[in-house]
Amino acid sequence: MKTLPDGFRHLPGYLDLPEQRALVEDIRAAVQAAPLYTPEMPRTGKPMSVRMTNCGALGWVTDRERGYRYQSTHPATGRQWPPIPHRLLTIWREVSGASVEPEACLVNFYDDTARMGLHQDRDEQELSAPVVSVSLGDTCLFRIGGTARNDPTQSFRLNSGDVVVLGGESRLAFHGVDRIYPGTSPLLKSGGRINLTLRRVTLPGSGV
Ligand code: SIN
Ligand code: MN
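Residues numbered from 1 in each chain as written. Chains lettered and ligands numbered in written order. Predicted model: local features only at pLDDT ≥ 70, side-chain atom pairs only at ≥ 80, totals over all residues. Heavy atoms only, no water.

1. Considering the site of ligand 1
Where we set the bar: Residues are classed as near a molecule or strand on a simple rule: at least one heavy atom within 4 Å of it. We define a polar contact as two N or O atoms separated by no more than 3.5 Å, with the added condition that, inside protein, one atom must be a possible hydrogen donor and the other a possible acceptor, whereas residues neighbouring each other in sequence contribute only through side-chain atom pairs. We get accessible surface area from the Shrake-Rupley algorithm with a probe of 1.4 Å; when it comes to residues, only the shown protein chains can shield them. In DSSP terms, a helix is any run of H or I states spanning at least four residues, a strand is any run of E spanning at least two, and both are numbered starting from the N terminus. Residues were grouped as follows: Ala, Val, Leu, Ile, Met, Phe, Trp, Tyr, Cys and Pro as nonpolar; Asp, Glu, Lys and Arg as charged; and all remaining residues, including Gly, as polar.
Within the structure, ligand 1 sits among N108, Y110, M116, H119, F142, H175, V177, R193, N195 and R199. Between ligand 1 and Y110 there is a distance of 2.5 Å, counted from an oxygen atom to a side-chain nitrogen or oxygen. Here N195 contributes a side-chain N or O atom positioned 3.3 Å from an oxygen atom of ligand 1. Summarising the interface, the protein chains cover 97% of the accessible area of ligand 1, which totals 260 Å² for the free molecule. For the shell around ligand 1, the elements supplying multiple residues, two or more each, are β5 (104–110), β6 (116–119), β11 (175–181) and β12 (193–199). Its residues assigned to classes, the shell around ligand 1 comprises 4 nonpolar, 4 polar and 2 charged.

2. Focus on the pairing of β11
Cut-off, in case you're wondering: The cut-offs for exposure are 20% and 50% of the maximum accessible area for each residue type, with area from a 1.4 Å probe on protein chains only; residues under the lower value are buried, those over the upper are exposed, and the others partly exposed. Any two strands with at least two DSSP bridges between them are considered paired.
Where burial is concerned, most of β11 is hidden: 5 out of the 7 residues are buried. Bridge count for β6 against β11 is 2 bridges, and the pairing is antiparallel. Of the residues in β11, the one forming a bridge with H119 is H175. Pairing between strand β8 (residues 139–144) and β11: 6 bridges, direction antiparallel. Opposite I144, over in β11, you have H175 as the bridge partner.

3. Focus on the coordination of the manganese ion (ligand 2)
To keep things clear, this is the line we draw: Donor atoms: N, O and S within 2.8 Å of the metal, or within 3.2 Å for Na, K and Ca. Because water is excluded, sites can look incomplete.
At this site the manganese ion (ligand 2) is bound by H119 (NE2), D121 (OD) and H175 (NE2), with donor distances of 2.2 Å. Mapping the donors of the manganese ion (ligand 2) onto the primary sequence yields the spacing H-x1-D-x53-H. Of this pair, D121 sits in the loop between β6 and β7 (131–137) while H175 sits in strand β11; the two residues are 54 residues apart in sequence, bridging distant segments of the chain. A residue is classified by how much of its surface remains accessible, and D121, at 6% relative accessible area, is buried. Taking relative accessible area as the criterion, H175 reaches 7% and is therefore assigned buried.

4. Notes on the packing of aromatic side chains
Keep this limit in mind: Note on aromatic pairs: the rings of Phe, Tyr and Trp (six-membered ring only in Trp) are paired at centre separations within 6.5 Å, and the planes decide the class, stacked below 30 degrees, edge-to-face beyond 60, tilted for the rest.
Scanning the entire structure with this criterion turns up 3 aromatic pairs. Where W60 meets Y68, the ring centres are 5.1 Å apart and the plane angle is 40°; that geometry is what we call tilted. For W60, a relative accessible area of 10% gives the class buried. Both rings, one in F142 and one in F156, keep their centres 5.9 Å apart while their planes meet at 55°; by these two values the pair is tilted.

Quick look at the structure:
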């Protein structure tokens, strides 16, 4: 068994079913205010298979012209992102070990065929705070490697209610989602998987 990067934690079943249901309701309300949209890869404009939106002062977005970045408004509506639900702030406080609050919550929605290629989360100025990730709905096959693209990787399933913390060495580990297992959770009426990633973006004191 290879070792996972230092600072990586997988907390299976961190949220029980009532907590998962309540969180889905929070996200439903956020998506009403900030609809899911299809992001584009930088330069090529190729659509991603995952649909996205955000909560928080800052949201992660990408399009052909301007690439990966954080901004305070939804690219389609021009409105500010809705606030991060309290339930997620509580999870962050419980598991992150960070003294700062998260500023961004990226909401990823995966349908049965969506996936996410191997990448690093490195668009943040603050890299000492971890990325905290919450999985809801169908199970996925998650892959994680080291800080170099060609480092060996390990794969395992993330189920509904699991929380993952990418801290320490693993903060810049390559990771991705190879596949969704349709029909593995009754949580979302129409199936699919929601992943929520909480991040601190700016350095404390630098202002948003
Ligand atoms: C991400 O890296 O943004 C998402 C990871 C996941 O869906 O588990
Ligand atoms: Mn990521």
